[in-house]
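Now for the letters of each chain:
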Amino acid sequence: MIIKNLTVRFGAFTAVDDVTLEIPDGAIVGLVGESGSGKSTLARAVSGLVPYTGAVEGVDPSRVQMVFQDPLTSLDPRMTVGASVAEGLRLPRAARQAEVERLLTLVSLPVSLAERYPRELSGGQRQRVAIARALGVRPALLIADEITSALDVSVQGAVLNLIRSLREEIGLSMLFISHNLAVVRYVSDVVAVMHRGRLVEMGPTEEVVGAPADDYTRSLLEAVPRLGRS
Amino acid sequence: MRHLPRTPAGIAGTLLVALMVILAIAGPLIWGAEAERIDSAAILQGTSAAHPLGTDNLGRDILARVLVAGRLSLALAMIATLIGATAGVILGALPSVLPRRAARLVTGTVNALVAFPGLLLAMFTAVIAGLGARGAVLGIGAAVAPGFARLTQTLAASVAGADYVAVARMLGVSRWRVMTRHVLPNIAEPLILHLTQALGGALLALAGMSFLGLGVQPPSFDWGRLLFDGFARIYATPAVALGPAAAIALAGIGFNLLGDVLARAASRRATPAGAAAGRAVPEAGELGEPDPDAVLEVRDLTVTFPGGVTPVRGLSLTIAPGEIVGLVGESGSGKSLTASAIGGLVPYPGEVSAGRLRLCGADVRELPEAECRRLLGTSLAMVFQDPMAALNPALKVGGQLAEVATVHQGASRADAFARAVDRLEHVRIPEPATRARQHPHELSGGMRQRAVIAMGLMGAPRLIIADEPTTALDVTVQREILRLLREVTDETGAATLFISHDIAVIGELCHRVVVMYAGRVVEELPVEELASGAAHPYTRALVASLPDMETDRSLPLASIPGRQPSPAEVPDGCAFADRCELASAKCAELPPLIPYRAGHRVACWEAK
Ligand SMILES: Nc1ncnc2c1ncn2[C@@H]1O[C@H](COP(=O)(O)OP(=O)(O)OP(=O)(O)O)[C@@H](O)[C@H]1O
Ligand code: SF4
Ligand SMILES: [Mg+2]
């Protein structure tokens, strides 16, 4: 699929400025940039949550799903995990239970979790529930917006591993948004860098990280904190 | 809502409402006959032993009538409120379900109605609907509805912005279902609170309508009607009017108090008590002599909440001048509460106890209150994750900084302002004099965080506590703030306690790292050993699961299965045991935090 000349304006302010970005089938495209650079707005536009000009081609808008930063606020606190996952399924009632179980297993969660409420789960488990729910509608594109930012490092690894295994096992195409370059580098095939609403650089991960062409990309790489560098 | 606070207002409100409910149920059963008994021998009497509140024009006992009228008064108020609430909630919910045009029309109507005086609306409706109880109830219902509609709209709008509503929309769930399934259940609590308060209002308003002759008509009677009947005689025999008036007042006050208390109980989560007073627990003898050079010395700090919730368990920490100590641990491990306890900010009903809590050489719990506040106000600077929480959005930045100097240092306003501008410049905010005259929202996130740091620098801080100060900022800004913190520590010789769940940031900024797990310190080590010299299995797993710019992309990342026990169910032994690969039977006993190497301590039976 391809995003062509996509622009989002809020009044006089241009949040996303003429962005063209290709997401090859079955690839994970990482999108980095500072807060306010327009990453989330781009994601919301592609998901159809904000109006835009330009085009999103090669994908049925109803088959784009999004997973958000904070799994606690993206799951209804009053619905069980099973009910949340079942909500988007377009299946006869009888088939739902089995599908919910399949989805939970797909994201490596025990089926028994279906009876529980979001507050009874760890952050990483909640985030996997949110992913399972999004996978329920068999999306052609999954947009992951800072899905590990609210997680502890100790569980972040499990979610990142899941993302990579989903690409390998079901060939899911993904737009993976994060401000954490190390995380983006780990999961993505292609990295795109956004700055002030514009796309300033894009290329295969190793190239962008190893030999950045743009000044802003370089400053981002510079700023990545490294253990014990002092 | 589950636990009502035992305040005098809460108790009074609950009692009054209970009394009214009992009266409404039992009143007519007990005094019903007496209230209707006509006695031509005792017409229009004043107070007497037989008739404490006198009698009316048919010789009926007014006290009995007041006691009986409670049922009708309360029932009518209840019906009116329910009518108003139902209409209001529907009106308020409609805009979220209707197409845009129609939604705007409904919103506009509600806004117009809210601006319209309630009593006029009630009387207008009552006159149209016809004189009598039905008209009055409909009238009050109409007066109550716009308030509910507005509240529903506001609440629904805030919930509609929640991610889970966006998700449901993306999944293709219908608007109506989103409303009934996701929005209404999540706003029910405040609506119910409003209902209680509206009930008190409806009671008063109905009495008012009856008093004006627009409400209940004879032979029925409610409190308002009794007041109307008695009012003509108020100069001759005041008691006849006082009875119903008192009943109305008590019921109104009761419902309003209860509503207030319920509302406060629901929003109680964030009331700082300021004085969750600390208690010294173990005798000073076992603690050894206090460290004279330490800026901060904490021994056996414990924070508990009712219900056996103990998020911080016997934590000890010492920080020397000029030292930056990183406190790392997963969400809920008690990092922020540790910081709050040091600053005396643990919210009610939390309890803090410690063997020692010394700041700048004085135990903060032994100082007189005024002196303690001065010490904390000038020597301790706190920087939090959300700079907006530390800045008052209504005040200009410069004024807020200057306040620190006028309050704690007795500086004149002009001097204080000049110092504020100087401090803003010091943290490298461009055009500090202009920025000082702006409101917090006019500054970017990074600039606001700088302003908060500048606020800490208004005094001469000896200890800076920074709780996730960069988590809300992006990497480039984060780097600048970290550099600023380090410079400030270097030049003031202050000590810094830097709290973060991001072990990479800690590794970059700090001299020494303290790792917390489930309320306890599990390891304390020099930063140089963090990457490859950590001894505790938890610390090692944290380091291993962190992807960096060199991580091998072909291998899966390490992660720790399971989750940290909640602060109410921390086991007696090692809290990490059920996630630990090395755990053995021995780990059912709590491993002490003991020296491992120079400047390195660890709490694990397997660390040799
Ligand atoms: N007012 C309170 N009443 C009851 N429990 C509380 C209260 N405040 C905090 N807690 C509990 O104490 C524990 C520690 O909370 P704390 O905020 O110190 O964690 P933290 O380590 O700062 O986590 P994070 O990284 O998410 O900021 C949590 O489990 C929390 O639920
Ligand atoms: S004490 Fe036992 S359970 Fe705890 S970390 Fe050490 S080996 Fe693991
Ligand atoms: Mg915290």
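Owing to the predicted nature of the structure, the values given are computational and were not obtained by experimental measurement. (Residues numbered from 1 in each chain as written. Chains lettered and ligands numbered in written order. Predicted model: local features only at pLDDT ≥ 70, side-chain atom pairs only at ≥ 80, totals over all residues. Heavy atoms only, no water.)

Trainee: Whenever I open this one, the overall build of chain A confuses me. Can you help?
Mentor: Helices and strands together make up the secondary structure of chain A, namely 9 helices and 9 strands. Taken across its 230 residues, chain A has 58% of its residues classed as buried. Across chain A, every contact between residues at least 6 apart in sequence was considered, and the portion connecting residues at least 24 apart equals 65%. For chain A, the exposed area adds up to about 9000 Å²; of that, 49% sits on carbon and sulfur atoms. (Helix = DSSP H or I, 4+ residues; strand = E, 2+ residues; numbered from the N terminus. Buried < 20%, exposed > 50% of the residue type's maximum accessible area, 1.4 Å probe, protein only. Contact = heavy atoms within 4.5 Å. Areas by Shrake-Rupley, 256 points an atom, 1.4 Å probe, with all protein chains shown as cover.)

Trainee: Help me understand the overall build of chain B, please; the structure alone is not making it clear to me.
Mentor: From N to C terminus, chain B includes 19 helices and 14 strands. In chain B, which comprises 608 residues, the share counted as buried stands at 49%. Split by element, the accessible area of chain B, about 27700 Å² in all, is 61% carbon and sulfur.

Trainee: Sorry if this is basic, but what is going on with the confidence of the model for chain B here?
Mentor: One rule of thumb: low pLDDT means the predicted coordinates there are not for detailed reading. Residue and element names in this part refer to chain B. Confidence in the prediction of chain B, expressed as mean pLDDT, is 83, and 94% of residues score 70 or more. In this model residues 268–285 is a low-confidence stretch, pLDDT under 50, and it forms 24 contacts with partners more than four residues away in sequence or in other chains. Our summary of model confidence lists the complex with pTM equal to 0.67 and ipTM equal to 0.82. (pLDDT = per-residue confidence, 0-100.)

Trainee: I keep staring at the interface of chain A and chain B and nothing clicks. Help me out?
Mentor: By convention, interface size is frequently given as the accessible area that disappears when the constituent parts associate. The interface of chain A with chain B comprises 61 residues on the first partner and 53 residues on the second. The junction of chain A with chain B conceals about 4800 Å² of combined surface from both sides, 55% of it contributed by carbon and sulfur atoms. Contact with chain B buries surface across chain A, with Val-153, Ser-154 and Leu-227 of chain A losing the most and accounting together for 15% of the total. Inspection of the chain A/chain B interface yields 1 salt bridge. Taking the shortest distance from any N to any O, the salt bridge between Glu-206 of chain A and Arg-553 of chain B comes out at 3.1 Å. The interface formed by chain A and chain B contains 11 residue pairs in polar contact (both at pLDDT 80 or more). Among the secondary structure elements, those contributing two or more residues to the side of chain A that touches chain B are strand S5 (64–67), helix H2 (71–74), helix H3 (81–87), helix H6 (153–170), helix H7 (181–187), helix H8 (205–210) and helix H9 (215–223) of chain A. Element by element, the count of residues in the side of chain A that touches chain B is highest for H6 of chain A, at 9 residues. Grouping the amino acids of the side of chain A that touches chain B by side-chain chemistry returns 26 nonpolar, 18 polar and 17 charged. (Buried area = accessible area lost by both parts, 1.4 Å probe. Salt bridge = Lys/Arg side-chain N within 4 Å of Asp/Glu carboxyl O. Polar contact = N/O pair within 3.5 Å; in protein donor to acceptor, adjacent residues only side chain to side chain. Nonpolar A, V, L, I, M, F, W, Y, C, P; charged D, E, K, R; others polar.)

Trainee: Looking at this model, I keep getting lost on a positive patch on the surface. Mind explaining?
Mentor: Residues and elements named next belong to chain B. Side chains of Arg-100, Arg-101, Arg-104, Arg-169 and Arg-175 sit close together on the surface and give a patch of like positive charge. Here the positive patch gets 3 residues from one element, more than from any other, and that element is helix H3 (residues 100–115). Counting through the fold element by element, Arg-175 comes out in helix H7 (residues 175–211). (Patch = residues over 30% accessible without salt bridge, like charges linked within 9 Å, V, L, I, M, F, W, Y side chains within 5 Å. Lys, Arg positive; Asp, Glu negative; His and termini not counted. Charge placed at Lys NZ, Arg CZ, Asp CG, Glu CD.)

Trainee: Whenever I open this one, the nonpolar core confuses me. Can you help?
Mentor: Across soluble globular proteins, you tend to see nonpolar side chains buried next to one another. Residues and elements named next belong to chain B. Counting 63 residues, the largest nonpolar core has Leu-401, Leu-424, Ile-453, Phe-498, Val-513 and Tyr-538 as its most contacted members. The element that contributes the greatest number of residues to this core is helix H16 (residues 445–456), accounting for 6 residues. Residue contacts for Leu-424: discarding those within four places in its chain leaves Val-397, Leu-401, Ile-429, Pro-432, Ala-436, Ala-451 and Ala-454. Residues Met-20, Ala-156, Ala-205 and Leu-214 belong to the second largest nonpolar core, which totals 62 residues. (Core = buried A, V, L, I, M, F, W, Y, C linked by side-chain atoms within 4.5 Å.)

Trainee: I'm lost on the pattern of salt bridges in this one. Help?
Mentor: When the charged atoms of two side chains with opposite charge come close together, those side chains can pair. Residues and elements named next belong to chain B. All told, the structure shown has 23 salt bridges over all chains when counted by the stated rule. Here Asp-229 makes a salt bridge to Arg-225, at a shortest N to O gap of 3.8 Å. You can see Asp-229 and its partner Arg-225 sitting in helix H8 (residues 223–231), 4 residues apart, about one turn around the helix. Residues participating in the shared-partner salt-bridge network are Glu-323, Arg-512, Glu-524 and Arg-601.

Trainee: Sorry if this is basic, but what is going on with empty space enclosed by the protein here?
Mentor: Residues and elements named next belong to chain B. Under the criterion given, the structure shown has 4 cavities of 30 Å³ or more. Empty space within the largest cavity amounts to approximately 90 Å³. In terms of lining residues, the largest cavity is bounded by 13 residues, among which Cys-574, Cys-580, Cys-587, Cys-604 and Trp-605 are the most central. When grouped by side-chain class, the residues that make up the lining of the largest cavity number 11 nonpolar, 1 polar and 1 charged. (1 Å grid on protein atoms, 1.4 Å probe; cavity = no way out; pocket = protein on both sides within 12 Å on 5 of 7 lines; lining within 4 Å. Points joined across faces, edges and corners; volume = space filled by probe spheres on them.)

Trainee: Explain the environment of Gln-125 of chain A to me, please; I cannot follow it from the model alone.
Mentor: Residue and element names in this part refer to chain A. Here Gln-125 lies in helix H5 (residues 123–135). Since its relative accessible area comes to 18%, Gln-125 is described here as buried. Along the primary structure Gln-125 and Val-107 are separated by 18 residues, whereas in three dimensions their C-alpha atoms are 9.1 Å apart. In contact with Gln-125, not counting residues within four places along its chain, are Leu-109 and Leu-113.

Trainee: It is not clear to me how helix H10 (residues 335–342) of chain B should be interpreted in this structure. Could you clarify?
Mentor: Every α-helix winds through 3.6 residues per turn, so residues three or four apart in the chain are directed the same way. Summarising burial for H10 of chain B: 7 of the 8 residues are buried, a large majority. One or two residues past the end of H10 of chain B sits Gly-344 of chain B, with phi positive at roughly 70 degrees.

Trainee: Just checking my understanding: could you explain the site of ligand 1 for this structure?
Mentor: All names here are of chain B. Around ligand 1 lies a shell of 13 residues, among which Ser-331, Gly-332, Lys-335, Ser-336 and Leu-337 are the nearest. Contact distances for ligand 1 include 2.6 Å between an oxygen atom and a side-chain N or O atom of Ser-336. Contact with the protein chains hides 66% of the accessible area of ligand 1, taken as 640 Å² for the molecule alone. Examining the composition of the shell around ligand 1, we find that 3 residues originate from one element, H10, more than from any other. Broken down by class, the residue content of the shell around ligand 1 amounts to 5 nonpolar, 5 polar and 3 charged. (Near = heavy atom within 4 Å.)

Trainee: Help me out: how do you make sense of the sheet that holds strand S9 (residues 198–204) of chain A in this one?
Mentor: Hydrogen bonds between backbone groups are what pair the strands of a sheet, and the pairing can be parallel or antiparallel. Residues and elements named next belong to chain A. A sheet is described by the order of its strands in space; here 6 strands give the open sequence S5-S6-S7-S3-S8-S9, paired in mixed fashion. The sheet is open, and its two edges are formed by S5 and S9, each paired on a single side. Between one strand axis and the next, the sheet turns by 20 degrees as a mean value, whatever way the strands run. When strand S3 (residues 28–32) meets strand S8 (residues 190–195), the two strands line up parallel, connected through 4 bridges. Bridged to Leu-31 within S8 is Ala-192. Strands S3, S5, strand S6 (141–145), strand S7 (173–177) and S8 of the sheet are contacted by helix H1 (residues 39–46), whose axis makes an angle of about 150 degrees with S6. (Pairing = 2+ DSSP bridges. Axes fitted to C-alpha atoms, helices over the stretch in contact; angles between N-to-C directions.)

Trainee: Just checking my understanding: could you explain a nonpolar patch on the surface for this structure?
Mentor: On the surface, a cluster of nonpolar side chains totalling about 220 Å² of accessible area is made up of Ile-79, Ile-83 and Leu-138 of chain B. Among the structural elements, Ile-79 of chain B can be located in helix H2 (residues 62–97).

Trainee: Would you mind going over the sheet that holds strand S4 (residues 53–57) of chain A with me for this structure?
Mentor: Residue and element names in this part refer to chain A. If you trace the 3 strands from one edge of the open sheet to the other, you get S2-S1-S4, paired in antiparallel fashion. With one partner strand each, in any of the chains shown, strand S2 (13–22) and S4 form the two edges of the open sheet. This sheet shows a mean twist of 20 degrees between the axes of neighbouring strands, independent of strand direction. Bridge count between strand S1 (residues 2–10) and S2: 6 bridges; the pairing is antiparallel. Within the sheet, the bridge partner assigned to Val-8 lies in S2 and is Val-16. In this fold H1 packs onto S1, S2 and S4, with an angle of close to 110 degrees to the strand it touches most, S1.

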